[in-house]
Amino acid sequence: MNAELTRQVNELRESVARLHAELTRYNLVAWTAGNVSARVPGHDLMVIKPSGVDYDDLSAENMVLCDLDGRPVAGELSPSSDTAAHAYVYRAMPEVGGVVHTHSTYATAWAACGESIPCHLTAQADEFGGEIPVGPFALIGGDDIGKGIVSTLTGHRSPAVLMRNHGVFTIGGNARAAVKAAVMCEDVARTAHLARVLGQPVPMAQADIDALYDRYQNVYGQRSSPPANS
Ligand SMILES: [Zn+2]
């Protein structure tokens, strides 16, 4: 590896290790379940969590560098058992720079029921642009999980898919965006569940969902140079 690639990989090892702490902070994972990965931009490489290592022991050094077939580069630890799914997504969706997988409780309960989360909240319209879809059931081991993620999310606004009887996969332009989608997916799933328990959630007009999504994705946030009077 040349010096520039080494620097790039080391930065991603740092950020991917750090982002795993967000999964525990937001109660999205139990034991060693859950994982974050990042694509190495411009290279057929990704950085992902090692398999079976406690969250307290995750560090930049033990993040695993893999090729986009999910094979660890020489000398690396064994990568997460979900590496094949992450790798499939990077191969099929060039715009994706980060992937996250969790079994977060409320979102996974919707996955267990095989039910997409309908959009009854402005926060869901903002982040997901509508429903959070359900993907097919797929066994771990080959490309089936990856194929299910890609076929469900291609052409869909949602960066999150509820894989049936399994859990959540999220994508983003980088790993941080995918982690944010995983956090927001669980938040929306919890509120949607409570709303269902309380009564009949009130549908939103598609035009309102579209307007919220457009504003949030294109306007919301800090401007790089705020106007002087604000
Ligand atoms: Zn899983």
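Structure first, text after, so check above.
Keep in mind that what you see is a predicted model, and the values were worked out from it rather than measured. (Residues numbered from 1 in each chain as written. Predicted model: local features only at pLDDT ≥ 70, side-chain atom pairs only at ≥ 80, totals over all residues. Heavy atoms only, no water.)

(A) Structural detail: the overall build of the protein chain. From N to C terminus, the protein chain includes seven helices and seven strands. N-terminal to C-terminal, the α/β element order of the protein chain is α-β-β-β-α-β-α-α-β-α-β-β-α-α. Taking 230 residues into account, the globule formula puts the C-alpha radius of gyration at 17 Å, and the protein chain, at 18 Å, falls close to it. Burial status across the protein chain gives 48% buried among its 230 residues. Sequence-distant contacts in the protein chain: of pairs separated by 6 or more residues, those separated by 24 or more amount to 62%. As displayed, the protein chain offers around 11,600 Å² of accessible surface, 52% of which is attributable to carbon and sulfur atoms. Computed over 17 positive and 25 negative side-chain charges, the inter-centroid distance for the protein chain is 3 Å. (Helix = DSSP H or I, 4+ residues; strand = E, 2+ residues; numbered from the N terminus. Rg over C-alpha atoms; globule rule 2.2 N^0.38 Å. Buried < 20%, exposed > 50% of the residue type's maximum accessible area, 1.4 Å probe, protein only. Contact = heavy atoms within 4.5 Å. Areas by Shrake-Rupley, 256 points an atom, 1.4 Å probe, with all protein chains shown as cover. Lys, Arg positive; Asp, Glu negative; His and termini not counted. Charge placed at Lys NZ, Arg CZ, Asp CG, Glu CD.)

(B) Highlighting the packing of helix α3 (residues 105-112) against helix α6 (residues 175-198). Following both chains from N to C, one finds α3 and α6 inclined at 65 degrees, their axes separated by 7 Å at the closest point. Looking at the two axes, α3 sits roughly perpendicular to α6. As for the relative orientation of α3 and α6, their crossing is left-handed in sense. For the pair α3 and α6, contact is made by Thr105, Tyr106, Ala107 and Trp110 and by Cys185, Glu186, Ala189, Arg190, Ala192, His193 and Arg196, respectively. Residue classes in the contact of α3 with α6 are distributed as six nonpolar, two polar and three charged. (Axes fitted to C-alpha atoms, helices over the stretch in contact; angles between N-to-C directions. Parallel < 35°, antiparallel > 145°, perpendicular 65-115°, else oblique. Left-handed = near helix turned anticlockwise from the far one by under 90°. Nonpolar A, V, L, I, M, F, W, Y, C, P; charged D, E, K, R; others polar.)

(C) Spatial organisation of the coordination of the zinc ion. Every protein donor of the zinc ion is listed here as His101 (NE2), His103 (NE2) and His166 (NE2), and their distances to the metal cover 2.0 to 2.1 Å. All donors of the zinc ion belong to a single chain; written as a sequence motif, their spacing is H-x1-H-x62-H. Overall, His101 belongs to the buried group, its relative accessible area being 1%. (Donors = N, O, S within 2.8 Å, 3.2 Å for Na, K, Ca; no water.)

(D) Fine view of α6. The terminal C-alpha atoms of α6 lie 35 Å apart, and with 24 residues this matches the ideal 34 Å at 1.5 Å per residue to within 8%. Among the residues of α6, the N-terminal cap falls to Asn174, whose side-chain oxygen and the backbone nitrogen of Arg176 are separated by 3.2 Å. (Expected span 1.5 Å × (residues − 1). Polar contact = N/O pair within 3.5 Å; in protein donor to acceptor, adjacent residues only side chain to side chain.)

(E) Representation of the pairing of strand β6 (residues 160-163) within the structure. What you see with β6 is no split at all: Ala160 and Leu162 on one side and Val161 and Met163 on the other are buried throughout. Bridging between strand β5 (residues 134-135) and β6 involves two bridges; their strand directions are parallel. Paired with Val134 across the bridge in β6 is Leu162. Regarding topology, helix α5 (residues 144-153) serves as the crossover connection from β5 to the parallel β6, and that connection is right-handed. Relative to strand β7 (residues 167-172), β6 runs antiparallel, the two sharing four bridges. Within β7, the residue paired with Leu162 across the bridge is Val168. (Pairing = 2+ DSSP bridges. Right-handed = clockwise from strand over helix to strand, strands pointing away.)

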